[in-house]
Amino acid sequence: MLQLGPAILSPCSLKQPCPMGDSGFLLSDRVHLVTWNVGGAMPPDDITALLGLHIGDGNTDMYIIGLQEVNSMINKRLKDVLFTDQWSDACMERLSPFGYILVTSQRMQGVLLLVFAKYYHLPFLRGVQTETTRTGLGGYWGNKGGVSARMSVFGHTICFLNCHLPAHMENSEQRMEDFESILQQQQFEGQAATGVLDHDVVFWFGDLNFRIDELEIPAVKAAIDNNKLTMLWEKDQLNMAKDSESVLEGFLEGPLKFPPTYKFDVGTDTYDTSGKKRKPAWTDRILWRLRATVPSGPTPNAGKRGSILGPSSGTKVTQHFYHSHMEYMVSDHKPVSSIFTLQFPYKVDMPLVMIMVEDEWNSIADATCTFKAAPNFARSSWDWIGLYKVGFKHHKDYVGYVWAKQEEADYHRVTFTEEELPKGSGDFILCYYSNNTSTLVGVTEPFQIQLPTSSPAGSPSDDSSDFTSEDDSVVGMKTMSRSPSPRKKKHRARHSHSRSPSHSRSRSGSPALPKMKGLKLQPGSAHNTTDGEKEKASSEAGAGGL
Ligand SMILES: O=P(O)(O)O[C@@H]1[C@H](O)[C@H](O)[C@@H](OP(=O)(O)O)[C@H](OP(=O)(O)O)[C@H]1O
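Everything quoted here is computed from the prediction, not taken from an experiment.

Rules used throughout
- Every chain's residues receive numbers from 1 upward, in the order its sequence appears when written.
- Owing to the predicted nature of the model, reporting of local features is limited to residues with pLDDT of at least 70; listing and counting of side-chain atom pairs is limited to 80 or more, with chain, interface and lining totals taken over all residues.
- Hydrogens and water are ignored here; the side-chain numbers use all heavy atoms of the structure.
- Put simply, DSSP marks the helices as runs of H or I at least four residues long and the strands as runs of E at least two long, and each gets a number from the N terminus on.
- The cut-offs for exposure are 20% and 50% of the maximum accessible area for each residue type, with area from a 1.4 Å probe on protein chains only; residues under the lower value are buried, those over the upper are exposed, and the others partly exposed.
- Exposure was quantified through the Shrake-Rupley algorithm and a 1.4 Å probe, taking into account, for residues, occlusion by the shown protein chains and nothing else.
- Contact definition: two residues touch when any of their heavy atoms are within 4.5 Å.
- If DSSP finds at least two bridges between two strands, the strands pair.
- Angles here are taken between N-to-C directions and fall from 0 to 180 degrees, while the axes themselves are lines fitted to C-alpha atoms, restricted in helices to the stretch in contact.
- To be near a molecule or strand, a residue needs just one of its heavy atoms within 4 Å of it.
- N or O atoms closer than or at 3.5 Å make up a polar contact, with two conditions inside protein: a donor-capable atom paired with an acceptor-capable one, and, for residues adjacent in sequence, both atoms drawn from side chains.
- Side-chain atoms within 4.5 Å link the members of a nonpolar core, which is a set of buried Ala, Val, Leu, Ile, Met, Phe, Trp, Tyr and Cys residues.
- Each C-beta atom gives one direction from the helix axis, and the arc is the one those directions make.
- For patch building, the residue pool is restricted to those with more than 30% relative accessible area and no salt bridge; the joining distance is 9 Å between like charges and 5 Å between nonpolar side chains (Val, Leu, Ile, Met, Phe, Trp, Tyr).
- For this analysis, a salt bridge means a side-chain nitrogen from Lys or Arg found within 4 Å of a carboxyl oxygen belonging to Asp or Glu.
- Centre distance within 6.5 Å is the pairing criterion for rings of Phe, Tyr and Trp, where only the six-membered ring of Trp is used; planes under 30 degrees apart are then read as stacked, over 60 as edge-to-face, and the remainder as tilted.
- Lysine NZ or arginine CZ positioned within 6 Å of the ring centre and within 35 degrees of the ring normal marks a charge as sitting over the ring.
- When two cysteine sulfur atoms are found within 2.5 Å, that pair is recorded as a disulfide.

A. Expanded view of the overall build of the chain. Of regular secondary structure, the chain possesses eight helices and 27 strands. Taken over 546 residues, the chain has a buried fraction of 56%. Accessible surface for the chain amounts to roughly 22500 Å². Of this, 52% is attributable to carbon and sulfur atoms.

B. Geometry of the environment of Gly40. Looking at the element boundaries, Gly40 is found in the loop between strand S2 (25–37) and strand S3 (62–68). For Gly40, a relative accessible area of 31% corresponds to the partly exposed category. Spatially, the C-alpha atom of Gly40 lies 5.0 Å from that of Val70, the residues being 30 residues apart in sequence. The residues contacting Gly40, other than those within four sequence positions of it, are Glu69 and Asn71.

C. Looking closely at the sheet that holds strand S18 (residues 368–373). Read from one edge to the other, the open sheet built from three strands follows the order S16-S18-S21, with strand pairing classed as antiparallel. Edge positions in the sheet fall to strand S16 (353–357) and strand S21 (412–415), since each of these pairs with one other strand and no more. Each strand axis lies, on average, 25° off the axis of its neighbour in the sheet, ignoring direction. Pairing analysis gives five bridges linking S16 to S18, with the strands arranged antiparallel. Paired with Val357 across the two strands is Cys369, which belongs to S18.

D. Structural view of the site of the ligand. Inspection of the region around the ligand gives Glu69, Asn143, Lys144, Ala167, His168, Tyr262, Lys263, Lys276 and Arg278 as its neighbouring residues. In the model, an oxygen atom of the ligand is placed 2.5 Å from a nitrogen or oxygen of the Asn143 side chain.

E. Representation of the nonpolar core in the model. Core analysis: the largest hydrophobic core is formed by 63 residues, its most contacted members being Met62, Ile64, Phe160, Phe203 and Leu232. When near neighbours in sequence (up to four residues on either side) are disregarded, Leu232 contacts Ile212, Leu215, Val220, Ala223, Ile224, Pro260 and Trp282. Ranked by size, the runner-up nonpolar core spans 26 residues in total, among them Val357, Phe371, Ala374 and Val402.

F. Inspection of the pairing of strand S22 (residues 425–434) at higher detail. Most of S22 is tucked away, with nine of its 10 residues classed as buried. Judged from the six bridges that link them, strand S19 (residues 384–389) and S22 form a sheet pairing that is antiparallel. For Trp384, the partnering residue across the bridge sits in S22 and is Tyr433. Pairing between S22 and strand S24 (residues 447–450): four bridges, direction antiparallel. Bridge pairing in S24 links Asp427 to Gln448.

G. Structural view of helix H5 (residues 217–225). Taken together, the buried positions of H5 are occupied by Val220, Ala223 and Ile224. Along H5, the residues classed as buried sweep out an arc of 100° about the axis, all on the same side. Summarising the geometry of H5, the exposed residues directed more than 90 degrees from the buried face are Pro218 and Asp225. Buried residues in H5 make contact with helix H6 (229–233). One or two positions beyond H5, positive phi appears at Asn227, with a value near 55°.

H. Just a nonpolar patch on the surface, in detail. Taken together, Leu137, Tyr140 and Trp141 make up a surface patch of nonpolar side chains, about 440 Å² in accessible area. Along the polypeptide, Tyr140 turns up in the loop between strand S6 (125–136) and strand S7 (141–153).

I. Broad picture of the packing of aromatic side chains. Evaluated as defined, the whole model comprises 25 aromatic pairs. Ring plane angle 45° and centroid distance 5.6 Å describe the contact between Trp361 and Phe416, whose orientation is recorded as tilted. A residue pair is termed long-range when its members are at least 10 positions apart, and Trp361 in strand S17 (residues 360–361) and Phe416 in the loop between S21 and S22 qualify at 55 residues. Of the two residues, Trp361 and Phe416, neither departs from the other in class, the shared state being buried. A ring pair is formed by Tyr388 and Tyr398, whose centres lie 6.4 Å apart and whose planes are at 85°; its orientation type is edge-to-face. Here the residue Tyr388 occupies a position in strand S19, and Tyr398 occupies one in the loop between S19 and strand S20 (400–403), the gap between them amounting to 10 residues. For Tyr388, a relative accessible area of 0% gives the class buried. The class for Tyr398 is buried, based on a relative accessible area of 2%. Taken together, the ring pairs connect Trp382, Trp384, Tyr388, Phe392, Tyr398, Tyr401, Trp403 and Tyr433 into an aromatic cluster. A cation sits over an aromatic face here: Lys372 above Tyr411, 5.4 Å from the ring centre.

J. Quick look at the state of the cysteines. This structure, assessed with the given rule, holds zero disulfides. You can see Cys369 has no disulfide; the closest cysteine sulfur is in Cys431, sitting 11 Å from it.

K. Representation of the pattern of salt bridges in the model. Applying the stated rule across the entire model yields seven salt bridges. The salt bridge involving Asp236 is made with Arg285; its shortest N-O contact spans 2.8 Å. Highlighted residues: Asp236 in the loop between H6 and helix H7 (237–241) and Arg285 in strand S11 (residues 284–290), separated in sequence by 49 residues. You can call Asp236 buried: its relative accessible area is 0%. Lys263 is paired through a salt bridge with Asp332; the nearest N and O atoms lie 2.9 Å apart.

L. Seen up close, the environment of Ala90. Tracing the chain through its elements places Ala90 in helix H3 (residues 86–95). Along the backbone, Ala90 and Ile47 are 43 residues apart, and their C-alpha atoms lie at a distance of 8.0 Å. Among all residues touching Ala90, those that are not within four sequence positions of it are Pro43 and Ile47.

And the structure:
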């Protein structure tokens, strides 16, 4: 496998951009999805295994976490508005030391969707938008419904839809109706892909609440005990609905090789012994769908609506794992997770902003960088460049910032003042925040800051020793309170000079491109054969299609 790394891309420079069109290669992106109905519980102490971080090879590019029944009691919710919720905090806390940044999140009462990506992918995640749809109480209450996040990932559109559909055996049709209603209502503005199903790839997951029909509880439990899960899958309402429900057309699901994830006595892995007597069910599911394409020739495999379902624009989705996590006991549901590889034709362009920075900042005078915006990028006077400690959690988690002032020049130079700089040493990166897109559109490689610690005690800037070189995993949420939003700070003009980066000892001429080191390039014709991937269910073959 050919690694897409600095060796290939570093010849790019600002003056001579690399041709980045389709080169006959596939870009491969590894996505880890989790769905969990957390039953109003607090996060457990350790979600390392749930996120696969204990065995992780560091190759996961994105984490998508869909939760349901996150505690949304009124007093708790008010606190969450002010401080974010504990589940978001727990996920950020666990993922940020590995370089994952919260790209976006959306919450509708107890339904929460979190999207994380490696920081170096941020410039290539564009058009990020979220949607929510309430379906509870006839569409007025958000206890049930769906939240989604859409974006283009290296030029290919993806939508993640986390749903909590109505409970109970008899509501299978209502579940399908609600799903259809969510799809109809979720329309994204100003994007080529407006509806959920218009995206190249859709992941649909959540507590979909489908049950196992016909069989009585003892028969279901006996099948589980004897590992006769196929017998149960045949009676699974979602699986059975695939033949009659056109809205399910094209959705795929890997084989359910794990036991039903609902309903357990909290604190145990024993199926419900309460008076409710709920039958075990696979309520918690992860499905995916490739956008339908209509070929110009004859349509031998035309689907029910006359469309052909197949890889859209060469996209391929391969599922590597689909399993539950029995060890988590805080809820009456067990979490379910899945890992996918997404392969796209190589269609990535340049980052919208490229930032150049020195290898090290050893004095206040070094605290400067140069950036260049792509000609088609609409800058705002509210754009800024943030200084982040490696391991930061989200775009507001900066140590300091400077306004990316607009001026008529190709190259812009900005300088950080002492008050914007950390007091300790460590590894940092610079990111360009676009106010128009509310995302980070340019990043540098990590560089070192090691400033002399000469500030006199009690000086105004002597307020923080949050940053130490010994503890790289500690990322100060303190920095959030320490650094107000740039909007609220005085909009200060920084440097008016601009100069070519060739005048400086810039190390990262094309900062975002080397950041693609986590992605793999493969010849376009090659099939995905990553070593060690034993359990595979390709969307093209072998997956239990719905
Ligand atoms: O979140 P909501 O909208 O309040 O809906 C409840 C939720 O789906 C619970 O999971 C379910 O309990 P079980 O999973 O135990 O069935 C409960 O059923 P119930 O009212 O019959 O207890 C529902 O009312």
